Amino acid sequence: MNDVVVVGAGPVGLLLAAELRLVGVDVTVIERAAARSPHSKALTLHPRSLEVLAMRGLAGPFVREGVPVPTGHYGGLPVRLDFSVLDTRFPYTLVLPQLRTEQLLEERLRKLGGEIRWEHRALEVRQDADGAEVDVAGPDGTYTLRTAWVVGCDGAGSTVRGSAGIDFPGTSATTTGFLGDVVLDAPPSVPSVDNEHGGFLVVPLADGHHRIAGTTGESLAIPADQPLTFDELRRYVRQVAGTDFGMRAPRWLSRFGNASRQAARYRDGRVLLAGDAAHMHMPMGGQGLNVGLQDAFNLGWKLAAVCQGRAPEGLLDTYHAERHPVGAALLENTRAQTVLGAAHTADVRALRSVFGRLLAAHPAVNRQFAGELSALDVAYGPAVGKSGEAVETGEPGGAGEQAGAAERGEAGGGRSLVGTRAPDLGLAGAPEPSLYPLLADGRFVLLHLDPGGDAGRGTPDGPGAADARAAAETIAGSPDRIRTVTARPTTAHDGWAGRSMVLVRPDGHVAWDGALSSR
């Protein structure tokens, strides 16, 4: 019997399968397509996704091949979101076609011993108390896979979600946009064009093509499933800009809609959902692929722990508890961006003008939206342990109590780091120069931060050290899933000053903060 069957070999399924293979979980990936699509729906990787890749030592090839842009956009407004001020080693949007992202992730999976069954389509999923069955149609006929767990990474029309009977509430498309990958002989000097006739974004691609995506008054009402013609694309662009910028050689033409839906639950027994199978929305801000990758990164270490008996099944409920709110926020902000970016009435243009002035005049507002779209501001609730509940260490300041103290602003006026994203903290005296490379093998990292300079000791001692080890083992489920490092911090980050012992989860979020347990 398989440990896990992943349905869908897009970026989300590939990353999840690689995370499972990293720690030795048996995974079968099935994909209904016969081969990877040459057309890239997504073009961008955001800062948090690059951090995710960096935590497994994978960011290098992506960064080398992509084009960094120090901004993002909100609703196509001409005032851009400033990513350069974000506290990350990747303060930019990385332009890299989805096709290349998938190819690099597939290379990762194959190096870890995984493989993909191309042209194998999931027909139905059934489950019982002990596992699940997936009926599959392949080139040589139909067969059934018996597995402990099934994860649907099979897109908005997910067969897995439908078989499990998981509701997908939301709204159907009412607005349609256009998209084309073309050559522009005289591309515009600005990244977007907007007026009363419509608006569009222009993104240069590495191979000499440009992507044009936008809406006009004429295009809004055309059904998304109606093919887009090249003449139609040229007409839309001319309506807005008065020129087609020497447009020629169309490689891909498509439409997209603003349907917004989210799975009612991300787990149903032995079935889990990630990526577009869990949430669909208007592609505003380039967030869909990124949120899906972060779904996979949250789920991977938890599912591996359950498969290997290091945690009970209840741990998987925290996947829904942590990621469902992120998906809901995604739908909210893409709906808001659709209002700003896809309609061109006088009222909406007035709203765009007001909103643009806010972003330009108030750096804090710009920073808030940049933090949301980049996903660097995502934070979860209290740490979870083998019971699937908030961890208590037996002393004041266990993770459950830490969360409450954080909400009350206690702990000497500070706040618990539990659930927050750990930055790539610079470290002196550690085996690696910073935190993220220490997470490369998918284990927890117990940091003993010693500003006094006694770095290099492998095991911390002194006040609170025993509590730290006990909490770490409770949360990780096994001592061998923890890497203990003593080091001196060399970079400053908000909220990290004076921290002594911190346990970082395999996905780079803080599981336990010793600052509150040693009061």
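Residues numbered from 1 in each chain as written. Predicted model: local features only at pLDDT ≥ 70, side-chain atom pairs only at ≥ 80, totals over all residues. Heavy atoms only, no water.

Another aspect to go through is the overall build of the chain. Tallying secondary structure elements over the chain gives 14 helices and 26 strands in all. Relative to a compact globule of 519 residues, whose C-alpha radius of gyration would be 24 Å, the chain shows 24 Å and is just as compact. Counting only C-alpha atoms, the chain reaches 70 × 60 × 35 Å along its principal axes. Of all 519 residues assigned to the chain, the portion counted as buried reaches 56%. In the chain, the share of contacts with a sequence separation of at least 24, taken over all contacts with a separation of at least 6, comes to 72%. Of the roughly 20,000 Å² of accessible surface on the chain, a fraction of 52% belongs to carbon and sulfur atoms. Within the chain, the 59 negative side-chain charges are centred at a point lying 3 Å from the centre of the 50 positive side-chain charges. (Helix = DSSP H or I, 4+ residues; strand = E, 2+ residues; numbered from the N terminus. Rg over C-alpha atoms; globule rule 2.2 N^0.38 Å. Buried < 20%, exposed > 50% of the residue type's maximum accessible area, 1.4 Å probe, protein only. Contact = heavy atoms within 4.5 Å. Areas by Shrake-Rupley, 256 points an atom, 1.4 Å probe, with all protein chains shown as cover. Lys, Arg positive; Asp, Glu negative; His and termini not counted. Charge placed at Lys NZ, Arg CZ, Asp CG, Glu CD.)

Take the packing of aromatic side chains next. By the definition in use, this model includes 8 aromatic pairs. Relative to F444, the ring of W301 has its centre 5.4 Å away and its plane inclined at 85 degrees; by these criteria the two rings are edge-to-face. With W301 in helix α7 (residues 288-307) and F444 in strand β23 (residues 444-449), this pair connects stretches of sequence that are 143 residues apart. Overall, W301 belongs to the buried group, its relative accessible area being 9%. The class of F444 is buried, set by a relative accessible area of 3%. Among the aromatic side chains, those forming a connected cluster through ring pairs are Y74, F355 and F369. Across the ring face of F168, the terminal group of R161 is positioned such that the distance to the ring centre comes to 3.6 Å. (Phe/Tyr/Trp six-rings, centres within 6.5 Å; stacked < 30°, edge-to-face > 60°. Lys NZ or Arg CZ within 6 Å of the ring centre and 35° of its normal.)

Each regular strand shows side chains that alternate between the opposite faces of the sheet. Pairing between strand β22 (residues 427-428) and strand β24 (residues 482-489): 2 bridges, direction antiparallel. The residue of β24 that forms the bridge with A428 is R488. Relative to β24, β23 runs parallel, the two sharing 6 bridges. The partner of F444 across the bridge, within β24, is I482. (Pairing = 2+ DSSP bridges.)

Here the focus is the state of the cysteines. Scanning all chains against the criterion turns up 0 disulfides. Between C153, a cysteine without a disulfide, and C307, which holds the nearest cysteine sulfur, the sulfur-to-sulfur distance is 14 Å. (Disulfide = S-S within 2.5 Å.)

On to the confidence of the model for the chain. Averaged over every residue, the pLDDT of the chain is 90; residues scoring 70 or more account for 90%. Here residues 383-413 is a poorly scored stretch, pLDDT under 50, and it has 70 contacts once near neighbours within four places are set aside; other chains count. (pLDDT = per-residue confidence, 0-100.)

Here the focus is helix α4 (residues 98-111). In a regular helix each residue adds 1.5 Å, so 14 residues correspond to 20 Å; α4 covers 20 Å between its end C-alpha atoms and thus fits that length. Every buried residue of α4 is listed here: Q98, T101, E102, L104, L105, E106, R108 and L109. Just past α4, the residue G113 takes up positive phi, approximately 90 degrees. (Expected span 1.5 Å × (residues − 1).)

A positive phi is found at F245, a non-glycine position, where the angle reads about 60 degrees. Locating F245 in the fold gives a position in the loop between α6 (230-241) and β17 (247-257). Look at F245 and you get buried, because its relative accessible area is 10%. One non-glycine residue, A375, lies in positive phi territory at about 70 degrees.

Across the 6 residues that make up β23, a large majority, 6, are buried. Of the two faces of β23, the one lined by F444, L446 and H448 and the one lined by V445, L447 and L449 are each fully buried. Here β23 pairs with strand β25 (residues 501-504) via 4 bridges, running antiparallel. Across the sheet, residue L447 finds its bridge partner in β25, namely V502.

This next bit is on the packing of helix α9 (residues 346-361) against helix α10 (residues 363-374). As a packed pair, α9 and α10 sit with axes 5 Å apart at the nearest point and diverge in direction by 100 degrees. Of the possible angle classes, the one that applies to α9 and α10 is roughly perpendicular. Contacts from F355, L358, L359 and A361 of α9 reach α10 at P363, V365, N366 and F369. (Axes fitted to C-alpha atoms, helices over the stretch in contact; angles between N-to-C directions. Parallel < 35°, antiparallel > 145°, perpendicular 65-115°, else oblique.)

This next bit is on the nonpolar core. Formed by 102 residues in total, the largest nonpolar core has its most connected members in L45, V134, L303, L435 and L447. Apart from the residues within four sequence positions on either side, L45 is in contact with L50, L53, F62, Y92, T93, L94, L96, T101, L289, N290 and L293. Formed by 15 residues, the second largest nonpolar core is a distinct cluster that contains V182, V193, F245 and M247. (Core = buried A, V, L, I, M, F, W, Y, C linked by side-chain atoms within 4.5 Å.)

Strand order in the open sheet formed by 5 strands is β14-β15-β16-β13-β17, with antiparallel pairing between adjacent strands. Strand pairing shows two members of the sheet lacking a second neighbour, β14 (192-195) and β17, which therefore form its edges. Going from strand to strand, the sheet's axes swing by 15 degrees on average, the running direction of each strand aside. As paired strands, strand β15 (residues 198-204) and strand β16 (residues 210-216) are joined by 7 bridges and run antiparallel to one another. For L201, the partnering residue across the bridge sits in β16 and is A213.

The subject of this paragraph is the sheet that holds β24. Each strand in a sheet pairs with its neighbour through backbone hydrogen bonds, running either in the same direction (parallel) or in the opposite one (antiparallel). Strand order across the open sheet formed by 5 strands is β22-β24-β23-β25-β26, with mixed pairing between neighbours. One side of each edge strand has no neighbouring strand; the edge strands of this open sheet are β22 and β26 (510-513).

For the structure on display, the rule yields 34 salt bridges. Close ionic contact of E107 with R100 constitutes a salt bridge, the shortest N to O distance being 3.9 Å. Ionic pairing is found between D194 and R349, a salt bridge with its closest N-O pair at 2.4 Å. On the criterion of sequence distance, the pair formed by D194 in strand β14 and R349 in helix α9 is long-range, its members being 155 residues apart. Within the structure, one salt-bridge network assembled from shared partners comprises E124, R126, D128, E133, D135 and R146. (Salt bridge = Lys/Arg side-chain N within 4 Å of Asp/Glu carboxyl O.)

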